[in-house]
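Overview (structure and organization)
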Amino acid sequence: MEPLTLEADDVADGESWEDVVVVNTALPGIDARSVGFVESRLEATDLSGAKLTALFLSDCDLVRCDLSNAVLRAASARRTKVDGGRLTGLSWTGGEMDR
């Protein structure tokens with residue numbers, strides 16, 4: 001997996017990444033549509049208060065990520081694992097989750 005550093009300006013509508021590792025990234029409160037990660041790992045990533053419509057996660061690991069008070073609409077998580085994350089106040093409306 002390729003290491004990736006993301007800034008808030010990098011996360012625009014329709015952006016997607018594959019086979020990356022995102023570590024210690026602060027993206028609190030971002031607002032984006034159709035953002036996706038495939039076969040990727042997010043570690044200690046702060047998405048608290050984010051507003052993400054149509055977020056797409058496939059074959060991902062979210063490790064120690066902060067999703068507190070995030071609002072996910074029509075999001076999809078396929079074969080995605082969340083380990084040790086903070087989910088307090090997370091709102092997930094519509095979309096799907098599967099193993």
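For the structure itself, consult the block above.
Residues numbered from 1 in each chain as written. Predicted model: local features only at pLDDT ≥ 70, side-chain atom pairs only at ≥ 80, totals over all residues. Heavy atoms only, no water.

1. Observations concerning the nonpolar core
- Of all hydrophobic cores here, the largest spans 24 residues; its most connected members are Leu6, Val11, Trp17 and Phe37.
- Contributions of two or more residues to this core are made by strand E3 (20-23) and strand E10 (71-78).
- Top element by residues in this core is E10. It accounts for 3 residues.
- When sequence neighbours within four positions are dropped, the list of residues in contact with Phe37 reads Leu6, Trp17, Val20, Val22, Leu42, Phe56, Leu57, Ser58 and Cys60. (Core = buried A, V, L, I, M, F, W, Y, C linked by side-chain atoms within 4.5 Å. Buried < 20%, exposed > 50% of the residue type's maximum accessible area, 1.4 Å probe, protein only. Helix = DSSP H or I, 4+ residues; strand = E, 2+ residues; numbered from the N terminus. Contact = heavy atoms within 4.5 Å.)

2. Considerations on a negative patch on the surface
- On the surface, Glu2, Glu18, Asp19 and Glu39 cluster together into a patch of negative charge.
- Residue position: Glu2 is located in strand E1 (residues 2-4).
- Given a relative accessible area of 53%, Glu2 falls into the exposed group. (Patch = residues over 30% accessible without salt bridge, like charges linked within 9 Å, V, L, I, M, F, W, Y side chains within 5 Å. Areas by Shrake-Rupley, 256 points an atom, 1.4 Å probe, with all protein chains shown as cover. Salt bridge = Lys/Arg side-chain N within 4 Å of Asp/Glu carboxyl O. Lys, Arg positive; Asp, Glu negative; His and termini not counted. Charge placed at Lys NZ, Arg CZ, Asp CG, Glu CD.)

3. Describing the environment of Glu39
- In this fold, Glu39 is placed in the loop between strand E5 (36-38) and strand E6 (41-43).
- Taking the C-alpha atoms as reference points, Glu39 and Thr80, 41 residues apart in sequence, are found 9.0 Å from one another.

4. Here we look at unusual backbone geometry
- A positive phi angle, close to 60°, is found at Asp19, a residue other than glycine.
- Among the structural elements, Asp19 can be located in the loop between strand E2 (16-18) and E3.
- Classification of Asp19 as partly exposed rests on a relative accessible area of 37%.
- In this structure, Arg64 is a non-glycine residue whose phi angle is positive, near 55°.
- Topologically, Arg64 is positioned in the loop between strand E9 (61-63) and E10.

5. What to know about the packing of aromatic side chains
- Counted under the stated rule, the structure contains 1 aromatic pair.
- Aromatic side chains Trp17 and Phe37 sit 5.0 Å apart centroid to centroid with 25° between the ring planes, which places their arrangement in the stacked category. Of this pair, Trp17 sits in strand E2 while Phe37 sits in strand E5, and the two are 20 residues apart along the sequence.
- Its relative accessible area of 7% is what places Phe37 among the buried residues. (Phe/Tyr/Trp six-rings, centres within 6.5 Å; stacked < 30°, edge-to-face > 60°.)

6. A look at the sheet that holds E9
- The strand order E1-E3-E6-E9-E11 describes an open sheet built from 5 strands, whose pairing is parallel. Only two strands of the sheet have a single neighbouring strand rather than two, namely E1 and strand E11 (81-83). Averaged over all pairs of adjacent strands, the angle between their axes in this sheet comes to 15°, without regard to strand direction.
- Bridge count for E9 against E11 is 3 bridges, and the pairing is parallel. In the sheet register, Leu62 faces E11, and the bridge partner there is Val82. (Pairing = 2+ DSSP bridges. Axes fitted to C-alpha atoms, helices over the stretch in contact; angles between N-to-C directions.)

7. Concerning the pattern of salt bridges
- Per the stated rule, a full pass over the model turns up 5 salt bridges.
- Across the salt bridge formed by Arg79 and Asp59, the nearest N and O atoms sit 2.7 Å from each other. Here Asp59 lies in the loop between strand E8 (56-58) and E9 and Arg79 lies in the loop between E10 and E11, a separation of 20 residues in the sequence.
- Judged by its relative accessible area of 44%, Arg79 is partly exposed.
- The partner of Arg86 in a salt bridge is Asp66, and the shortest N-O contact between them spans 3.9 Å. With Arg86 in the loop between E11 and strand E12 (91-98) and Asp66 in the loop between E9 and E10, the pair connects residues that are 20 residues apart, well separated along the chain.
- Arg86 gets classed as partly exposed once you look at its relative accessible area, which sits at 46%.

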